[in-house]
Amino acid sequence: MVHLRPTAFLDTPLFTTMAARSIQENGTIALPFGTGRTSPIAVDDVARVIATVLRDPAPHIGQVYELTGPRSVDMTELAAEFSWALGRPVSYVDVPPQRWEAQLPKLGMPPHLEQHVATMARLHRENRYDRTADGVERVTGTPARSIEAFVAARRDFYRG
């Protein structure tokens, strides 16, 4: 058995549709993360790890791989990476959790996804995603992509 333990995904609504909406509206990423740090990982990086393990599973049997982005950032640093990737100013706005959660039903997500996203926001506030690991590079030989690279590859999506 091989255990893969990814941190928060860059591909979640928190860092995709929600971020894109507020960036397009007012140049901000508006989330209730407080001063929590995060090391989100792209799903593509997790998929590369899985594909590598499946191609030759024997050396990986019994291993536990922690999978994170290349560094842990606070939300101001995350917004800076969005700014660099998009070539425009993006800042972080810390939204009160209750006010932010009250907006979730308007996004059209199923209730279980709303609850999941709200839980992820709480875990970010509690600094539970503040970790880094080299699992992606150890398994694939290539480091996990940065937030900036992830956003730059989806520039049109974020710009609208």
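Okay, so let's go over this structure. (Residues numbered from 1 in each chain as written. Predicted model: local features only at pLDDT ≥ 70, side-chain atom pairs only at ≥ 80, totals over all residues. Heavy atoms only, no water.)

### What about the packing of aromatic side chains?
Counted according to the given criterion, the structure contains three aromatic pairs. When the centroid spacing of 6.2 Å and the interplanar angle of 80 degrees are considered together, the rings of F15 and F33 count as edge-to-face. Of this pair, F15 sits in the loop between β1 (3–6) and α1 (17–26) while F33 sits in the loop between β2 (28–31) and β3 (37–38), and the two are 18 residues apart along the sequence. By relative accessible area, which is 0% here, F15 ends up buried. Assessed through its relative accessible area of 0%, F33 is described here as buried. For the ring pair F157 and Y158, a centre distance of 5.0 Å and an interplane angle of 85 degrees mean the geometry is edge-to-face. (Phe/Tyr/Trp six-rings, centres within 6.5 Å; stacked < 30°, edge-to-face > 60°. Helix = DSSP H or I, 4+ residues; strand = E, 2+ residues; numbered from the N terminus. Buried < 20%, exposed > 50% of the residue type's maximum accessible area, 1.4 Å probe, protein only.)

### Observations regarding the pattern of salt bridges
Inspection of every chain in the model, using the stated rule, returns 12 salt bridges. R37 is the salt-bridge partner of E77, the closest N and O atoms lying 3.2 Å from each other. Of this pair, E77 sits in helix α3 (residues 75–86) while R37 sits in strand β3, and the two are 40 residues apart along the sequence. Residue classification places R37 among the partly exposed positions, given a relative accessible area of 26%. A salt bridge links D134 to R138, with the nearest nitrogen and oxygen atoms 3.1 Å apart. On the basis of relative accessible area, D134 is assigned to the partly exposed category, the value being 42%. It is possible to trace a salt-bridge network through shared partners that takes in R37, D74, E77 and D130. (Salt bridge = Lys/Arg side-chain N within 4 Å of Asp/Glu carboxyl O.)

All we've got here are geometric facts, nothing functional implied.
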